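Spelled out from the first residue to the last, the chains are:
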Amino acid sequence: MRLALRMLTSRKGSMIGAILAITVGILVIHVNFVIFQGLYDAFVRDMKAYRFGDIYVTNEEDYIDKSDALLVGWFERIPQVSAAAPRLSSSASINATGTGMRYEEFGIPIIGVDPRYDTRASAMHETVTQGQYVTSRSSMVLGATVARDLGDVQVGDNIRVKIVDRWGIDQFRRFSVSGISESAGGAGFDTSVIMHIETLRDIIDRGGESGSMIVRLNEPTAAANVRDLFLAAFPADDFKAETIEESAESQLAGFRSGIAMINMIGLFGMMSAAFAIVTIQMMIVGGKTREIGIMRAIGARRKDILVIFIVQGMLMGVMGAAAGTAVGLGYTMYAKETKMTFSGSVALEVSYNWPAIARTALLAFGLSVAASMYPSYRATKLLPVEAMRYG
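Residues numbered from 1 in each chain as written. Predicted model: local features only at pLDDT ≥ 70, side-chain atom pairs only at ≥ 80, totals over all residues. Heavy atoms only, no water.

Asks: Sorry if this is basic, but what is going on with the overall build of the chain here?
Replies: The secondary structure content of the chain amounts to 13 helices and 10 strands. A fraction of 78% describes how many contacts in the chain between residues 6 or more apart in sequence connect residues 24 or more apart. (Helix = DSSP H or I, 4+ residues; strand = E, 2+ residues; numbered from the N terminus. Contact = heavy atoms within 4.5 Å.)

Asks: Just checking my understanding: could you explain the nonpolar core for this structure?
Replies: Looking at soluble globular proteins, one finds that nonpolar side chains tend to be buried together. Core analysis: the largest hydrophobic core is formed by 47 residues, its most contacted members being Ile 55, Val 57, Phe 75, Ile 194, Val 226 and Phe 230. Counting contributing residues, this core receives three or more from each of domain 1 (2-45 + 253-388) and domain 2 (62-237). Aside from chain neighbours lying at most four places away, what touches Ile 55 is Met 213, Ile 214, Val 215, Leu 217, Ala 223, Val 226, Arg 227, Ala 241 and Glu 242. Membership of the second largest hydrophobic core comes to 25 residues, among which are Ala 92, Met 140, Ile 180 and Ile 197. (Core = buried A, V, L, I, M, F, W, Y, C linked by side-chain atoms within 4.5 Å. Buried < 20%, exposed > 50% of the residue type's maximum accessible area, 1.4 Å probe, protein only. Domains from an automatic or database assignment.)

Asks: Teacher, can you tell me more about unusual backbone geometry here?
Replies: Most peptide bonds adopt trans geometry, and most residues besides glycine take a negative phi value. Phi is positive for Asp 152, which is not a glycine, with a value near 60°. Not every positive phi belongs to a glycine, and Lys 339 is a case in point at roughly 50°. Using a relative accessible area of 60% as the deciding quantity, one classes Lys 339 as exposed.

Asks: Can you walk me through the side chain of Asp 46 in this structure?
Replies: One can find Asp 46 in helix α2 (residues 12-52). The exposure class of Asp 46 is buried, given its relative accessible area of 7%.

Asks: Would you explain the pattern of salt bridges in this entry?
Replies: Should their charged atoms come close, side chains of opposite charge can pair. Under the defined criterion, the tally for this structure stands at 14 salt bridges. Between Asp 46 and Arg 45 there is a salt bridge, with the nearest N and O atoms lying 3.0 Å from each other. For Asp 54, the salt bridge identified is with Lys 48, shortest N-O distance 3.3 Å. Put simply, Arg 45, Asp 46 and Glu 349 are held in one network by salt bridges that share partners. (Salt bridge = Lys/Arg side-chain N within 4 Å of Asp/Glu carboxyl O.)

Asks: For this particular structure, what's the right way to read a negative patch on the surface?
Replies: Together, Glu 60, Glu 61, Asp 62, Asp 65 and Asp 238 make up a negatively charged patch on the protein surface. One can find Asp 238 in the loop between α7 (223-233) and β10 (239-243). By relative accessible area, which is 38% here, Asp 238 ends up partly exposed. (Patch = residues over 30% accessible without salt bridge, like charges linked within 9 Å, V, L, I, M, F, W, Y side chains within 5 Å. Areas by Shrake-Rupley, 256 points an atom, 1.4 Å probe, with all protein chains shown as cover. Lys, Arg positive; Asp, Glu negative; His and termini not counted. Charge placed at Lys NZ, Arg CZ, Asp CG, Glu CD.)

Asks: Looking at this model, I keep getting lost on helix α11 (residues 302-337). Mind explaining?
Replies: An α-helix turns once per 3.6 residues; consequently, residues spaced three or four apart project the same way. The first and last C-alpha atoms of α11 sit 52 Å apart over 36 residues, in line with the 52 Å expected at 1.5 Å per residue. Of the residues trailing α11, Lys 339 is marked for its positive phi of about 50°. (Expected span 1.5 Å × (residues − 1).)

Asks: Is there a simple way to explain the environment of Ile 111 in this structure?
Replies: Structurally, Ile 111 can be placed in strand β3 (residues 101-113). Spatially, the C-alpha atoms of Ile 111 and Ser 90 are 6.8 Å apart, while their sequence positions differ by 21 residues.

Asks: It is not clear to me how the environment of Val 369 should be interpreted in this structure. Could you clarify?
Replies: Considering the arrangement of structural elements, one finds Val 369 in helix α12 (residues 354-380). Classification of Val 369 as buried rests on a relative accessible area of 15%. Counting along the chain gives 58 residues from Val 369 to Val 311, while the straight-line C-alpha distance between them is 8.0 Å. Those residues in contact with Val 369, other than ones at most four positions away along the chain, are Ile 310, Gly 313 and Met 314.

Asks: In this structure, what is going on with the packing of aromatic side chains? I would like to understand it.
Replies: Describing an aromatic ring pair means giving the distance of the ring centres and the angle of the ring planes. Inspection of the entire model under this criterion finds nine aromatic pairs. Ring plane angle 70° and centroid distance 5.6 Å describe the contact between Trp 74 and Phe 230, whose orientation is recorded as edge-to-face. Of this pair, Trp 74 sits in helix α3 (residues 68-76) while Phe 230 sits in helix α7; the two residues are 156 residues apart in sequence, bridging distant segments of the chain. Trp 74 gets classed as buried once you look at its relative accessible area, which sits at 14%. The ring of Phe 189 carries the charged tip of Arg 51 above its face, separated from the ring centre by 4.4 Å. (Phe/Tyr/Trp six-rings, centres within 6.5 Å; stacked < 30°, edge-to-face > 60°. Lys NZ or Arg CZ within 6 Å of the ring centre and 35° of its normal.)

Asks: When you look at a nonpolar patch on the surface in this model, what are you seeing that I'm missing?
Replies: Taken together, the side chains of Met 264, Leu 267, Phe 268, Met 271, Phe 275 and Leu 363 present a nonpolar region at the surface, about 560 Å² in accessible area. Here the nonpolar patch gets five residues from one element, more than from any other, and that element is helix α9 (residues 249-287). Relative to the helices and strands, Met 271 resides in helix α9.

Asks: Whenever I open this one, the packing of α3 against α7 confuses me. Can you help?
Replies: Between two packed helices, what matters for the description is the angle formed by their axes and the separation of those axes. Between α3 and α7, the least distance of the axes is 11 Å, while the angle of their chain directions is 135°. It follows that α3 is oblique to α7 by the angle criterion. In the packing of α3 onto α7, the handedness of the crossing is right-handed. Contacts from Leu 71, Trp 74 and Phe 75 in α3 reach Val 226, Leu 229, Phe 230 and Ala 233 in α7. (Axes fitted to C-alpha atoms, helices over the stretch in contact; angles between N-to-C directions. Parallel < 35°, antiparallel > 145°, perpendicular 65-115°, else oblique. Left-handed = near helix turned anticlockwise from the far one by under 90°.)

Asks: Just to check I follow, could you spell out α7 for this structure?
Replies: All of the buried residues along α7 are Ala 223, Val 226, Arg 227 and Phe 230. Each buried residue of α7 sits inside an arc of 100° when the element is viewed along its axis, so together they form one side. In α7, those exposed residues whose orientation departs by more than 90 degrees from the buried face are Asn 225 and Ala 232. Contacts from the buried residues of α7 go to β1 (55-59), α3, β2 (81-98), β9 (212-217), β10 and α8 (244-247). (Arc of directions from axis to C-beta.)

Asks: What is the right way to read the side chain of Asp 190 from this model?
Replies: Mapped onto the secondary structure, Asp 190 falls in the loop between β7 (170-181) and β8 (193-196). No salt bridge is formed by the buried Asp 190. Its closest oppositely charged neighbour is Arg 148, at 5.8 Å. A distance of 3.1 Å separates polar atoms of two side chains, one belonging to Asp 190 and the other to Ser 183. When sequence neighbours within four positions are dropped, the list of residues in contact with Asp 190 reads Gly 143, Ala 144, Thr 145, Val 146, Ser 181, Glu 182 and Ser 183. (Polar contact = N/O pair within 3.5 Å; in protein donor to acceptor, adjacent residues only side chain to side chain.)

Structure representation (structure tokens):
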């Protein structure tokens, strides 16, 4: 160990270069994880908070015809459930008049909510940046994008809405704008409008029915168990209950592909560090040829020479892995404490994935040892007489 360390430190520049290469490789993986996994987790967090809850219930065949009070009451009897709320969806054409001009938008998604339940089951009301959430059956919350497209509609303005009911008949209503909703990252309802669920039921003639129900848990890990309990309790109904991973699968699949690609890039960066170690070790072997010959002449065996250079690779691996992990954890801590965002986008959901951190450090160490094998083998092939001719 002492001999390996002495030979390694005799070329401090090369040693530092190898350690930096490993450190940068590990840091790239940590940064990729913080940014891309953080974006993925933030997207899941917001989809859960605004759209799907921890469990998303629909009817496979049609609308849910059981009463809101019955289903909410059933869910809220379960200790792991925090709240539940019905939702109803449709689409509308909306027009508004401002600054002497008439603006009209078509195919705007409409979300019907019951404020009594929804403010407990979702965080959608927290996205209202101006005004208030749905305050009455004649009020409506506009997504920020919709408000801009309608000529910068403001809180208190009146808008005219056309919705096609279940019989294909156009229904016209006027609403006052009670609030503007805006959320970072696009997981909210910036391109939709929100109204009272009873008003939407009246307009489309869906009395007492809802399109879905979102369920919020105080123990998210119990989602699968609560889902199974619900389906078992209503076996005769065509209910479909999904966890957030199931209900948002189409949106999450793209994120997973991106994370896998970025991790692959990080792995290639780590392999580049391994090639740097091979080069540095070959330089050390070339610079220590005479010393190797002397050691062989005084009785050192080939395996002793092999162990010396493998130990050098291990030392570089340990130091590089330690430095890279420390720097990576520092970056992760900074991102977590500052709730890192990029250009005002969604705040990253940063976490410490200790198994992944340990795997990265072990991978760096293993590549360092593996990269030392060939230079070590070359050192053992030097004959004492030939080696002592150098220097």
